[in-house]
Amino acid sequence: GQSLEQPSEVTAVEGAIVQINCTYQTSGFYGLSWYQQHDGGAPTFLSYNGLDGLEETGRFSSFLSRSDSYGYLLLQELQMKDSASYFCAVPDTGRRALTFGSGTRLQVQP
Amino acid sequence: SQTIHQWPATLVQPVGSPLSLECTVEGTSNPNLYWYRQAAGRGLQLLFYSVGIGQISSEVPQNLSASRPQDRQFILSSKKLLLSDSGFYLCAWRPSGGRTDTQYFGPGTRLTVL
């Protein structure tokens, strides 16, 4: 089966940079994705890494190292609206559904 | 453009009562559909997924069931709710030929079982 580990909570100040790590154990690997979820809201897709390296989308970047079974989400120039939970996820072995990590709650302080 | 709807938005039900949650997707055909449950402050647990009408895969044994009577309609049901069924129920879809990693979630139904 698939399993993912991420820190439960991270705190940072406005304007700073924060990194949210994710380690995974999978039977077959088909990429690592990241989702954002604000309190009471639905998760929204942020980014995907299929190959090693860094993917950048505006203030958000995501990194993958397949040899280390590790990835991270990097958030720059933090804003108060970035306070949310962030989930890493991997496809299951049948590539039909996603297995999500337990989520990292990011609190951005003024 | 594609949109996904869920209703009701919130629901309070007594233990032992039946449940029916509905999810519909507009603007696409033959989507892959998913039901997830999220306990307070926790991650998403995949409950069911469907790749077509009448095709349901169950991920977790429980007192819930799912049905897909139409191409873009996905229903989550229970005959008798348990306290442990409380949670945030999310429906999601992705294009049938699209990447598994990119799913689009509905607004969710918050269920409280008393």
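Everything here concerns the structure above.
Worth saying up front: this structure is predicted, and the values here are computed from it rather than measured.

Caption draft 1: Fine view of the overall build of chain B. Scanning chain B from terminus to terminus reveals zero helices and 11 strands. Here the C-alpha radius of gyration of chain B, 13 Å, is about what a compact globule of 114 residues would show, namely 13 Å. Viewed in the frame of its principal axes, chain B has a C-alpha envelope of about 40 × 30 × 20 Å. Within chain B, the fraction of its 114 residues that count as buried is 48%. Working note: accessible area of chain B is about 5,300 Å², and carbon and sulfur atoms make up 53% of it. If you average the places of the 9 positive and of the 6 negative side-chain charges in chain B, the two averages end up 6 Å apart.

Caption draft 2: Geometry of the environment of A:Gly50. All names here are of chain A. Looking at the secondary structure, you find Gly-50 in the loop between strand S5 (44-49) and strand S6 (53-57). Given the relative accessible area of 26%, Gly-50 is considered partly exposed. Sequence-wise, Gly-50 and Val-13 are 37 residues apart; in three dimensions their C-alpha atoms are separated by 30 Å. If we ignore the near neighbours within four places in the chain, the residues touching Gly-50 are Gly-31, Leu-64 and Arg-66.

Caption draft 3: Expanded view of the environment of B:Ala39. In this fold, B:Ala39 is placed in the loop between strand S4 (32-38) and strand S5 (44-52). Counting along the chain gives 32 residues from B:Ala39 to B:Asp71, while the straight-line C-alpha distance between them is 28 Å.

Caption draft 4: How the structure looks around the interface of chain A and chain B. Each side of the interface is counted separately: chain A has 18 residues, and chain B has 21 residues. Overall, the association of chain A and chain B removes approximately 1,500 Å² of surface from exposure, summing both partners, and the carbon and sulfur fraction of that is 60%. Seen at the junction of chain A and chain B, the total is three residue pairs in polar contact (both at pLDDT 80 or more). Sorting the residues of the side of chain A that touches chain B by element identifies strand S4 (32-37), S5, strand S9 (84-91) and strand S10 (98-100) of chain A as the ones contributing at least two each. Of all the elements, S4(A) adds the most residues to the side of chain A that touches chain B, at three residues.

Criteria and cut-off values
Residues numbered from 1 in each chain as written. Chains lettered and ligands numbered in written order. Predicted model: local features only at pLDDT ≥ 70, side-chain atom pairs only at ≥ 80, totals over all residues. Heavy atoms only, no water. Helix = DSSP H or I, 4+ residues; strand = E, 2+ residues; numbered from the N terminus. Rg over C-alpha atoms; globule rule 2.2 N^0.38 Å. Buried < 20%, exposed > 50% of the residue type's maximum accessible area, 1.4 Å probe, protein only. Areas by Shrake-Rupley, 256 points an atom, 1.4 Å probe, with all protein chains shown as cover. Lys, Arg positive; Asp, Glu negative; His and termini not counted. Charge placed at Lys NZ, Arg CZ, Asp CG, Glu CD. Contact = heavy atoms within 4.5 Å. Buried area = accessible area lost by both parts, 1.4 Å probe. Polar contact = N/O pair within 3.5 Å; in protein donor to acceptor, adjacent residues only side chain to side chain.

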